[in-house]
Amino acid sequence: MSSHPSSSDPSGSASGSFHRLHPKVQRWVWSQGWKELRGIQEVAIAPIIGGTQDVILSASTASGKTEAAFLPICSRLAEDSGGSVRAIYIGPLKALINDQFERLDGLCEGLGIPVHRWHGDVSQGHKSRLLKSPAGILLITPESLEALFIRQGSALASLFSGLEHIVIDELHAFIGTERGCQLRSLLHRVELTLRRNVPRVGLSATLGDMPLAAEFLRPGAGEQVTLCNADSGGGELLLQLRGYRKRAPDVERLVSGEESEEGLPEDEHDVGAHLFKTLRGTHNLVFANSRRNVELYADLLRRMCEQAQLPNEFFPHHGNLSKELREEAEAALKAKQRPVNLVCTTTLEMGIDVGAVQSIAQVGVPPSVASLRQRLGRSGRKGGPAVLRLYLQEAELTKTSPLTDQLRVRLIQSVAMLELLLTNWFEPPASGAFHFSTLVQQLLSLIAQHGGVKAGEAFSALCQEGPFARVSREDFVHFLRGLGQRELLSQSSDGTLLLGRVGERIVNHYSFYAAFASVEEFRLVASGRTLGTMPIDQPLFVGTYLIFGGRRWRVLAVQSDEKVVELEPAPSGRVPMFEPASVGGVHDRVREQMRAVYAGDGVPRYLDARAQELLAEARANFQRWGLAERSIITSGREVHVFPWAGDAVAHTLALALQARGLSVETLGAVLSVEGMQSDVEGALRALVAEGPPRDEALTRHVANMALEKHDGFVPEDLLARDYAARYLDVQGAWRAAQRVLQ
DNA sequence: GGTGATCGTGCGTAGA
């Protein structure tokens, strides 16, 4: 082992937890040349090394959270790590597992602790070796753990017999999702199999609501979870919001399919020109909201490099690009040997470490304050300020401009979100769903694991004590009957639940292991090289142009059976015509803040001159329509209702008006209703008088409620309840109706 | 003069 620096010995650190680590682990720390343990590593030792507590480690990106969890865990395993798998690490991404495997292997090698990784890209040979002589640490995805339950159900108890720790990385990515629900169920089923609890450690960078995260980590006993928080606190933030005017679309040009000389409208050029000027020569991330915009800007910026006779510095990065193209881009950014900018979707919000970047650019309305915060965390490490530039386009106004353009809702929503970001508020994760789709999966998986289960046992394992605690016994019986009718289940003469004909088929296909739904995608190939995949929902013709991988292509052939599109390089690409006002579920707080921005007169210092103009226009139009005093206005044949509340309230209100025979369109912040204002007011008054509407009265008007993977098997009434819990807010809508009428 | 509405994650086995 290497030298022991005496003056800056890690054992000299303040709280002195270092000495509790195993001597070999201490030696590894010295060998790394670390002067001291990081804050989170220091505080994590005591609660984890005891081997009995559930722990959440919350600290910023690249703060050494993995080591914080595994220095104490490895200390416990250093003398003996055999007999069975002794610690499980669960990661949301294969790439993250590969990263952590490299890091952990270095630590564990000298300790004689075997480290195994297990996911879809790991060879059968490695997997069978672990099954033959299980030991040490297992790094695995939730899906592969699911596969273990189904394929190795009877061997699981011995495989995990001596399990002492379960570590969950990127905990926040699981909270409130189908995948997170699946994970909770799997963790619970591990403990049922072993007939004892196994301490859990959750790792995360951004956990706003710690009690909620703790309850997710250990359902029913969240208050007993030890919270270790070592965030350095908010550093300096440099912020700018840049406004742009977008010309009204030239219909003639759009109809004829003709494009401006450079193939793009000038508006994108303005944003692109500023991005090019400010970012080139350094390392930055550009978040562009959709894969389509990522491709658009990556292509534009690459061509600007060409024009300036520079080597390309801009690369696209999104989930449909092939692994090779993504890894090339990530490696180039991480290496920092030459200037590299990645134009990306949410792919670079979390996960693998690409190192700190100079700045973050956000093009278009951010999806949420929470994701903005996460994105910001990628810049300004090592003491420097975090830099965020937000680019926003608003349409040039004409006599017929729609109300949302007149009110500059994109700009105002972005200002509202930045204001909330500055007060340190961000959206809590979704909660309240029943997750019936994942209950289908977990029930079938439980049956496959044991070869069959009694209904009472299944209810107790999954609902009573498991993650589906909100499902009553009565509902469960109804649910089982529905699955029986659809041949997912059958029942033996002694009442044991078995897989039915359909159940057998879906469980035995590998696509069963994931809890989330996926769309059918085409593979894009150019001269034998796979560029990536793309969901294609409309017919593609030979000769069609498209942009992908940051370049322009022409379709040569479409092979529908093989789901392959063959491409050749092309000089021009199609451009999107419209940009949605916002994406995803906007929170109540954001819309309340928007109203405050409209009604106020302060001008945030981070607005550039054009953005200030647009803000002034928005406020003038807000006043002109009298929206400070009222929330219903009539324009032409449309009545506009402003509930100043989030998407759940707006959606509920729209359904309630539809239930009264009105034709309603939801445009984010505004509901547009066809008809007379008096009719709309009458409907709202009736709604207020009758009290909060019942779910069933509203979901009747929803065309498609089956949105999750196995929803098609769930009885209609249960599905409606799940839909209402996820997407509606009846109390909020009732209060909003009262406010609107005031 | 008026469309369209996000992103991302994952996978076993047999047989050639």
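Residues numbered from 1 in each chain as written. Chains lettered and ligands numbered in written order. Predicted model: local features only at pLDDT ≥ 70, side-chain atom pairs only at ≥ 80, totals over all residues. Heavy atoms only, no water.

1. Focus on the overall build of chain A
Here is step 1: When its secondary structure is counted, chain A shows 27 helices and 25 strands.
Here is step 2: Sorting the 742 residues of chain A into buried and exposed places 53% on the buried side.
Here is step 3: Within chain A, counting contacts between residues at least 6 apart in sequence, those at least 24 apart form 72% of the total.
Here is step 4: Accessible surface, chain A as shown: approximately 32,500 Å² in total, 50% of it carbon and sulfur. (Helix = DSSP H or I, 4+ residues; strand = E, 2+ residues; numbered from the N terminus. Buried < 20%, exposed > 50% of the residue type's maximum accessible area, 1.4 Å probe, protein only. Contact = heavy atoms within 4.5 Å. Areas by Shrake-Rupley, 256 points an atom, 1.4 Å probe, with all protein chains shown as cover.)

2. A look at the sheet that holds strand S6 (residues 200-204)
Here is step 1: One open sheet holds the 7 strands; their spatial order is S3-S4-S2-S5-S6-S1-S7, and the pairing between them is parallel. A single partner strand is all that each edge strand has here, and the edge strands are strand S3 (115-118) and strand S7 (226-229). Neighbouring strand axes in the sheet, compared pairwise and without regard to direction, differ in orientation by 15 degrees on average.
Here is step 2: Two elements, strand S1 (residues 55-58) and S7, share 4 bridges in a ladder whose sense is parallel. (Pairing = 2+ DSSP bridges. Axes fitted to C-alpha atoms, helices over the stretch in contact; angles between N-to-C directions.)

3. Regarding the packing of helix H8 (residues 178-194) against helix H17 (residues 436-450)
Here is step 1: Where H8 meets H17, the closest approach of the two axes is 10 Å, and the angle between their N-to-C directions is 30 degrees. Relative to H17, the element H8 is oriented roughly parallel. Note that H8 runs across H17; the crossing there is right-handed. Where H8 abuts H17, its residues Glu178, Cys181, Gln182, Ser185, Leu186, Arg189 and Thr193 lie against Ser437, Thr438, Gln441, Gln442, Ser445, Leu446 and Gln449.
Here is step 2: Residues belonging to the contact of H8 with H17 are distributed by class as follows: 3 nonpolar, 9 polar and 2 charged. (Parallel < 35°, antiparallel > 145°, perpendicular 65-115°, else oblique. Left-handed = near helix turned anticlockwise from the far one by under 90°. Nonpolar A, V, L, I, M, F, W, Y, C, P; charged D, E, K, R; others polar.)

4. Observations concerning the side chain of threonine 496
Here is step 1: Locating threonine 496 in the fold gives a position in strand S16 (residues 496-499).
Here is step 2: For threonine 496, the side chain forms a polar contact with the side chain of aspartate 494, separated by 2.9 Å.
Here is step 3: Ignoring any residue separated from it by four or fewer positions in sequence, one finds threonine 496 in contact with Gly452, Val453, Lys454, Ser490 and Gln491. (Polar contact = N/O pair within 3.5 Å; in protein donor to acceptor, adjacent residues only side chain to side chain.)

5. Points about helix H4 (residues 94-109)
Here is step 1: Taking 1.5 Å per residue as the helical rise, H4 with its 16 residues ought to reach 22 Å, and the 22 Å between its terminal C-alpha atoms agrees with that figure.
Here is step 2: Residues Leu96, Ile97, Gln100, Phe101, Leu104, Leu107 and Cys108 constitute the buried set of H4.
Here is step 3: Its buried side turned inward, H4 meets helix H1 (23-31), helix H3 (65-77), strand S2 (87-90), S3 and strand S4 (137-140). (Expected span 1.5 Å × (residues − 1).)

6. Quick notes on the pattern of salt bridges
Here is step 1: Within this structure, the stated rule accounts for 32 salt bridges.
Here is step 2: Across the pair glutamate 164 and arginine 86 runs a salt bridge whose closest N-O atoms are separated by 2.5 Å. Pair noted here: glutamate 164 is in the loop between helix H7 (156-159) and strand S5 (165-168) and arginine 86 is in the loop between H3 and S2, with a separation of 78 residues, a long-range link. In this pair, the class of glutamate 164 matches that of arginine 86, namely buried.
Here is step 3: When the shortest N-O distance is used, the salt bridge between arginine 408 and glutamate 617 registers 2.7 Å. (Salt bridge = Lys/Arg side-chain N within 4 Å of Asp/Glu carboxyl O.)

7. Regarding the side chain of histidine 274
Here is step 1: By secondary structure assignment, the location of histidine 274 is in helix H11 (residues 266-279).
Here is step 2: At a separation of 2.7 Å, a polar atom in the side chain of histidine 274 contacts the side chain of tyrosine 391.
Here is step 3: With residues up to four places along the chain from it excluded, the contact list for histidine 274 reads Arg242, Tyr244, Arg389 and Tyr391.

8. Concerning helix H9 (residues 210-217)
Here is step 1: Buried within H9 are the following residues: Met210, Ala213, Ala214, Phe216 and Leu217. The buried side chains of H9 occupy one side of the element, clustering within an arc of 160 degrees when seen end-on.
Here is step 2: Its buried side turned inward, H9 meets S1, S5, H8, S6 and S7. (Arc of directions from axis to C-beta.)

9. Some details on the packing of aromatic side chains
Here is step 1: On inspection of all chains with the given rule, the structure shows 14 aromatic pairs.
Here is step 2: One aromatic cluster is present, formed by Phe434, Phe436, Phe459, Phe476 and Phe479 through successive ring pairs. (Phe/Tyr/Trp six-rings, centres within 6.5 Å; stacked < 30°, edge-to-face > 60°.)

10. Things to note about the confidence of the model for chain A
Here is step 1: The predicted model of chain A has a mean per-residue pLDDT of 87, with 89% of residues at 70 or higher.
Here is step 2: Here residues 1-9 scores under 50 on pLDDT; set against residues more than four positions off or in separate chains, the count is 10 contacts.
Here is step 3: Here residues 573-580 scores under 50 on pLDDT; set against residues more than four positions off or in separate chains, the count is 21 contacts. (pLDDT = per-residue confidence, 0-100.)

11. A word on the packing of helix H6 (residues 142-151) against H17
Here is step 1: Their axes nearest at 7 Å, the elements H6 and H17 cross at an angle of 40 degrees. The angle between the axes of H6 and H17 places the two elements in the oblique class. Two secondary-structure elements touch here, H6 through Glu146, Phe149 and Ile150 and H17 through Gln441, Gln442, Ser445, Ala448 and Gln449.
Here is step 2: In terms of residue class, the contact of H6 with H17 is made up of 3 nonpolar, 4 polar and 1 charged.

12. Concerning the state of the cysteines
Here is step 1: Under the defined criterion, the tally for this structure stands at 0 disulfides.
Here is step 2: The structure places no disulfide on cysteine 74, whose sulfur is separated from the nearest cysteine sulfur, that of cysteine 108, by 3.7 Å.
Here is step 3: With relative accessibility at 0%, the residue cysteine 74 sits in the buried group.
Here is step 4: Left unpaired, cysteine 463 is separated from the closest cysteine sulfur, that of cysteine 181, by 10 Å.
Here is step 5: Using a relative accessible area of 1% as the deciding quantity, one classes cysteine 463 as buried. (Disulfide = S-S within 2.5 Å.)

13. Some thoughts on the sheet that holds strand S22 (residues 632-635)
Here is step 1: Read across the sheet, 4 strands follow the order S22-S23-S25-S24 without closing on themselves; strand pairing throughout is antiparallel. Pairing within the sheet leaves two strands with one partner each, and these edge strands are S22 and strand S24 (664-667). Across the sheet, the mean angle from the axis of one strand to that of its neighbour is 25 degrees, orientation sign disregarded.
Here is step 2: Here 4 bridges tie S22 to strand S23 (residues 638-641), and the two strands are oriented antiparallel to one another. Residue isoleucine 633 lies in a different strand from S23, and its bridge partner there is histidine 640.

14. As for the environment of phenylalanine 70
Here is step 1: As for its placement among the helices and strands, phenylalanine 70 is situated in helix H3.
Here is step 2: Note: C-alpha distance between phenylalanine 70 and isoleucine 49 (21 residues apart in sequence) is 9.6 Å.
Here is step 3: Leave out the neighbours within four places in its chain, and phenylalanine 70 touches Tyr89, Leu104, Leu107, Ile137 and Val167.

15. So, the pairing of strand S10 (residues 314-317)
Here is step 1: Bridge analysis of S10 against strand S11 (residues 341-344) gives 4 bridges, and the strand direction is parallel. Residue pairing in the sheet places phenylalanine 315 in a bridge with leucine 342 of S11.

16. Some remarks on the environment of glycine 83
Here is step 1: Tracing the backbone through its elements, the reader meets glycine 83 in the loop between H3 and S2.
Here is step 2: According to the relative accessible area criterion, glycine 83 is exposed, its value standing at 68%.
Here is step 3: Considering only alpha carbons, one finds glycine 83 and glycine 136, 53 residues apart in sequence, at a separation of 8.5 Å.

17. Describing the pairing of S4
Here is step 1: Of the two faces of S4, the one lined by Ile137 and Leu139 and the one lined by Leu138 and Ile140 are each fully buried.
Here is step 2: Summarising the sheet, S2 and S4 pair through 4 bridges and their orientation is parallel. Within S4, the position partnered with tyrosine 89 by the bridge is leucine 139.
Here is step 3: Across 4 bridges, the pairing between S3 and S4 is parallel. Note on S4: the bridge partner recorded for tryptophan 118 is isoleucine 140.
Here is step 4: For the handedness criterion, the β-α-β arrangement of S3, helix H5 (residues 124-132) and S4 is classed as right-handed. (Right-handed = clockwise from strand over helix to strand, strands pointing away.)

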